Amino acid sequence: MPDAINLGDLYAARQRIAGIVRRTPLVPAEALSPLAGTAVHYKLETLQATGAFKTRGAANKILSLPEEVRARGVTTVSTGNHGRAVAYVARAAGCRAVVCLSELVPENKKAAIRAVGGEVKVHGRSQDEAAEIAFALERDEGMTLINPFDDPAIVAGQGTVGLEIVEDLPRVDTVLVPVSGGGLIGGVAMAIKAANPWARVIGVSMDRGAAMYESQKAGKPILVEEVESLADSLGGGIFLDNKWTFRLVRGLVDDLILVTEEEIARAMAFLLDREHFVVEGGGAVGVAAILAGKVKNPSENCAVLLSGTNVDSKRLRRIAAEQADWLDTLG
Ligand SMILES: *Cc1c(COP(=O)(O)O)cnc(C)c1O
């Protein structure tokens, strides 16, 4: 394993994943820019294959495996975007993917994994118990366990988002990135800071169970209680034995901001009603931070990463309806 990730790894990742991953557009935020008083742009990872950026990291990791290792298949423990990405990429790369889930995971999430070619194995009543199956597959069948964020190949894959932002907005000076385990912001910050060292890279999480925020505050990876949030794709810890992303965030990220459930709901409603974008809670936290006035001195060329689109449409419509009065106050 290398002892550092560098920009060359991001460019290598981009070439490796090109056949599987889409280059997504960066578009002007027509409705948000006037409210923010500056030129805001959206990076639309909502249009990425599987509906979230995680396909990038999964593709870079799986395509980096030696052929004979890849042929034994891959496994992971994830109810959400990571599980779908691993399944999708494995199918494209012609290998098996087993996604391990607990008995508590609802049928629609299992169906979403099967729909992109993944096998689902159910075990136990928690994520930790489900992980036992993944460890067994690794041990007994030689499958490769794909970490959702704390792996250099994952970080480099997610960092390709940052390479594209710099190409499309060369003078980018502020980038807002949703944060959970920190693979996305770690890779993106590498790309942005290499091109524009003066640019600010700001992470945004929900204010309930923000593991990276609390860990940075504590100066080391710590456990946080997991609570329900509209930003469900940002839940989960950063691993107590975190090897990569804690350090990357400490070194490269300028600020970490927290947003409330109400602010996330407003951002989802705003994106749907005013921009006509379907964005899941975890993908909308950057917009939430801007709308809430939590980004200080928004600069001239701001990019906001809309990291995923995977939200139940009934739920999104309900959220938008609940925010109708607030949307009216915007004029
Ligand atoms: C996983 C995920 C994130 C956070 O990525 P990390 O690399 O874990 O910080 C943000 N948004 C969406 C939609 C995700 O699925």
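Residues numbered from 1 in each chain as written. Predicted model: local features only at pLDDT ≥ 70, side-chain atom pairs only at ≥ 80, totals over all residues. Heavy atoms only, no water.

## Topic: the sheet that holds strand 9 (residues 255-259)
Step number 1: As summarised here, the arrangement of the six strands in space is 1-2-10-7-8-9, forming an open sheet in which the pairing is mixed. Strands at the two margins of the open sheet, each flanked by one partner only, are strand 1 (26-28) and strand 9. When the angles between neighbouring strand axes are averaged without regard to direction, this sheet yields 25 degrees.
Step number 2: Where strand 2 (residues 39-44) lies against strand 10 (residues 301-306), six bridges are found, and the strand directions are parallel. When the bridges of strand 10 are listed, histidine 41 appears paired with alanine 303.
Step number 3: Strands strand 7 (174-178), strand 8 (200-206) and strand 10 of the sheet are contacted by helix 9 (residues 183-195), whose axis makes an angle of about 165 degrees with strand 8. (Pairing = 2+ DSSP bridges. Helix = DSSP H or I, 4+ residues; strand = E, 2+ residues; numbered from the N terminus. Axes fitted to C-alpha atoms, helices over the stretch in contact; angles between N-to-C directions. Contact = heavy atoms within 4.5 Å.)

## Description of the domain arrangement of the protein
Step number 1: In terms of domain boundaries, the protein breaks down into domain 1 (7-53 + 151-329) and domain 2 (55-145).
Step number 2: The C-alpha-based centres of domain 1 and domain 2 are spaced at 24 Å.
Step number 3: Of the residues lining the interface, 27 residues belong to domain 1; the matching set on domain 2 comes to 16 residues.
Step number 4: Between domain 1 and domain 2, the buried area comes to about 1,700 Å², and carbon and sulfur atoms account for 56% of it.
Step number 5: By the criterion of area lost to domain 2, the three top residues of domain 1 are Arg16, Ile20 and Thr50, representing 38% of everything that side buries.
Step number 6: Taken together, domain 1 and domain 2 are joined by four salt bridges.
Step number 7: Two residues, glutamate 45 and arginine 56, come together in a salt bridge whose shortest N-O distance is 2.6 Å.
Step number 8: Counting across the interface, domain 1 meets domain 2 through 15 residue pairs in polar contact (both at pLDDT 80 or more).
Step number 9: Breaking the side of domain 1 that touches domain 2 down by element, the ones donating at least two residues are helix 1 (7-17) and helix 8 (152-168).
Step number 10: Looking at side-chain class alone, the side of domain 1 that touches domain 2 contains 11 nonpolar, eight polar and eight charged residues. (Domains from an automatic or database assignment. Buried area = accessible area lost by both parts, 1.4 Å probe. Salt bridge = Lys/Arg side-chain N within 4 Å of Asp/Glu carboxyl O. Polar contact = N/O pair within 3.5 Å; in protein donor to acceptor, adjacent residues only side chain to side chain. Nonpolar A, V, L, I, M, F, W, Y, C, P; charged D, E, K, R; others polar.)

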